[in-house]
Amino acid sequence: MSSKKKVAIIGSGNWGSAIAKIIGANVTKFPHFDNEVKMYVYEELIDGKKLSEIINSQHENVKYLPGHTLPNTVIAVTDAVETAKDADILVFVVPHAFVPRICNSLKGKIKSTAVGISLIKGFGETPNGGIELISDVIKNILSIDCAVLMGANLAGEVAEEKFCETTVGCRNKANGIVFKELFQTDNFRVTVVPDTYSVEICGALKNIVAMAAGFSDGLGYGDNTKSAVIRIGLKEMIRFIKTFYPDGTQDTTFFESCGVADLITTCYGGRNRRVSEAFVKSGKTLDELEKELLNGQKLQGFQTACEVMTMLKTNGHVDRYPLFEAVYLIGRKDIPPKDMMEYLRREPEDL
Ligand SMILES: NC(=O)c1ccc[n+]([C@@H]2O[C@H](COP(=O)([O-])OP(=O)(O)OC[C@H]3O[C@@H](n4cnc5c(N)ncnc54)[C@H](O)[C@@H]3O)[C@@H](O)[C@H]2O)c1
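Computed from a prediction, not measured in an experiment: that's the story for all the values here.

1. Re the UniProt feature "active site" (unreviewed entry) in the protein chain
Piece 1. Under the feature "active site" (unreviewed entry), the UniProt entry names Lys206.
Piece 2. Its place among the elements puts lysine 206 in helix α8 (residues 196-218).
Piece 3. Judged by its relative accessible area of 6%, lysine 206 is buried.
Piece 4. Apart from residues lying up to four places away in sequence, lysine 206 is in contact with Lys121, Met237, Asp262, Leu263 and Thr266.

So, in structure tokens, the structure goes:
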């Protein structure tokens, strides 16, 4: 990467805005970052006013991160190409379903020397029923290197500057140092590891486990049950990674923020848990609840469960993932939530 690096943020939802608060402040702390950070905003009207204009005049994302001031260095831009074309570092932070379309719009229009980092939790799907890592979707479409950042990082708490940790998965040591400078604060501690696959896949799979935790809460089970859900879910996450993405996988990564810590946070505080609890109590569909409860935010766990199940079915591995299967079947309303325990009792013994 060259000197005076320009940073662009592709996304401005809850997490995108929280990370913009950090990046916008950190670029002023190091002489080698350019002090203007463009942030791609998917335009929408809030009480008749354009969200991008509100952000640029009030320095607040009133829809996705109300109550927090964004640094003046952060400029909302509604065109993805305009946001990214001069950037040396591209921070991707949109819900995963939008990644292919946005990347295709950027193809051939960004610096060939740019590097990416994905904060996105979820998978892409391949035509033959497999999954594709979002960092690979970005790499393949844009022909750039792409690291990942995942951790126990509920956006609201990060924005409130409550102490937490995160994990950057990056194989290039020099880029890892730059990413640490860009993201780390006194209250947002960054650990860089080379095991990018485990970091990224933990970030996607934990949303499935969080749905199981939400079903457990909705059914009225207590903390012991939730701990069992978390433990069984963690084992399925590790089993999945070691089976399908063994390259460079290290057990130590599962003990970083991206692993067990993110899983615990999501199973207690995240949106997937919350909507899944409401799913059991209300009998409504996940789509209905996403619209009702999430104010434009996206529920990711169920889509991830569907993608993972397609892959497990294709590879004949379904019976080794009873928790993932239960979440998939409950989300589709193929089985009632109360049947989840039946699936958890089937946990395979070996790893
Ligand atoms: N929110 C969190 O606490 C958190 C924490 C860590 C990681 N993440 C991950 O970060 C990623 C982004 O999540 P978020 O919380 O910033 O988003 P969000 O769910 O809060 O908001 C949705 C975003 O998508 C945009 N959008 C809606 N329709 C669109 C379209 N058709 N094209 C492009 N953009 C569109 C909206 O404008 C908004 O910016 C996700 O993968 C999520 O898992 C979120």
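2. Some details on the packing of aromatic side chains
Piece 1. What the rule picks out here adds up to eight aromatic pairs.
Piece 2. Aromatic pair phenylalanine 215 and phenylalanine 279: ring centres 5.6 Å apart, planes at 50°, arrangement tilted. Highlighted residues: phenylalanine 215 in helix α8 and phenylalanine 279 in helix α11 (residues 271-282), separated in sequence by 64 residues.
Piece 3. When the centroid spacing of 4.9 Å and the interplanar angle of 50° are considered together, the rings of phenylalanine 240 and phenylalanine 244 count as tilted. Of this pair, phenylalanine 240 and phenylalanine 244 both sit in helix α9 (residues 223-244), separated by four residues, roughly a single helical turn. Side by side, phenylalanine 240 and phenylalanine 244 carry an identical accessibility label, which is buried.
Piece 4. One aromatic cluster is present, formed by Phe123, Phe240, Phe244, Tyr321 and Phe324 through successive ring pairs.
Piece 5. Over the ring of tyrosine 268 we find lysine 226, and its NZ or CZ is 4.1 Å from the ring centre.
Piece 6. When the ring centre of tyrosine 321 is taken as reference, the NZ or CZ atom of arginine 239 above it lies at 5.9 Å.

3. A look at the environment of threonine 126
Piece 1. Mapped onto the elements, threonine 126 comes out in the loop between β8 (123-125) and β9 (131-133).
Piece 2. In this structure threonine 126 comes out as partly exposed when scored by relative accessible area, which is 22%.
Piece 3. With near-sequence residues (within four places) excluded, threonine 126 lies in contact with Ile131 and Glu132.
Piece 4. Among the polar contacts made by the side chain of threonine 126, one reaches the main-chain amide nitrogen of glycine 130 at a distance of 2.8 Å.

4. A word on the packing of α8 against α9
If you want to describe how two helices pack, look at the angle between their axes and the distance between the axes.
Piece 1. Contact pair α8 / α9: the axes reach a minimum separation of 9 Å and the direction vectors enclose 150°. As summarised for this structure, α8 and α9 are arranged roughly antiparallel, according to the angle between their axes. You can see that α8 and α9 cross each other, and the crossing is right-handed. Contacts between α8 and α9 involve Ser198, Ile201, Cys202, Leu205, Lys206, Val209, Ala212, Ala213, Ser216 and Asp217 from the former and Thr225, Lys226, Val229, Ile230, Gly233, Met237, Phe240 and Ile241 from the latter.
Piece 2. A per-class count over the contact of α8 with α9 returns 11 nonpolar, four polar and three charged.

5. Comments concerning the site of the ligand
Piece 1. Every one of the 24 residues lining the ligand counts as a neighbour, but Asn14, Arg101, Lys121, Ala155 and Arg271 are closest to it.
Piece 2. Here a nitrogen atom of the ligand sits 2.7 Å away from a polar atom, N or O, in the side chain of arginine 101.
Piece 3. Protein contact buries 92% of the 840 Å² of open area that the ligand shows by itself.
Piece 4. For the shell around the ligand, the leading source of residues is helix α1 (residues 14-26), giving three residues.
Piece 5. Tallied by class, residues from the shell around the ligand come to 11 nonpolar, eight polar and five charged.

6. Structural notes on the sheet that holds strand β7 (residues 115-118)
Piece 1. If you trace the eight strands from one edge of the open sheet to the other, you get β5-β2-β1-β6-β7-β10-β11-β12, paired in mixed fashion. Each having just a single partner strand, β5 (74-77) and β12 (188-193) make up the two edges of the open sheet. Shown here is a sheet whose adjacent strand axes are inclined to one another by a mean of 25°, direction ignored.
Piece 2. Summarising the sheet, strand β11 (residues 164-169) and β12 pair through six bridges and their orientation is parallel.

The rules we used
- Residues numbered from 1 in each chain as written.
- Predicted model: local features only at pLDDT ≥ 70, side-chain atom pairs only at ≥ 80, totals over all residues.
- Heavy atoms only, no water.
- UniProt positions renumbered as here; feature names shortened; annotations may be inferred.
- Helix = DSSP H or I, 4+ residues; strand = E, 2+ residues; numbered from the N terminus.
- Buried < 20%, exposed > 50% of the residue type's maximum accessible area, 1.4 Å probe, protein only.
- Contact = heavy atoms within 4.5 Å.
- Phe/Tyr/Trp six-rings, centres within 6.5 Å; stacked < 30°, edge-to-face > 60°.
- Lys NZ or Arg CZ within 6 Å of the ring centre and 35° of its normal.
- Polar contact = N/O pair within 3.5 Å; in protein donor to acceptor, adjacent residues only side chain to side chain.
- Axes fitted to C-alpha atoms, helices over the stretch in contact; angles between N-to-C directions.
- Parallel < 35°, antiparallel > 145°, perpendicular 65-115°, else oblique.
- Left-handed = near helix turned anticlockwise from the far one by under 90°.
- Nonpolar A, V, L, I, M, F, W, Y, C, P; charged D, E, K, R; others polar.
- Near = heavy atom within 4 Å.
- Areas by Shrake-Rupley, 256 points an atom, 1.4 Å probe, with all protein chains shown as cover.
- Pairing = 2+ DSSP bridges.

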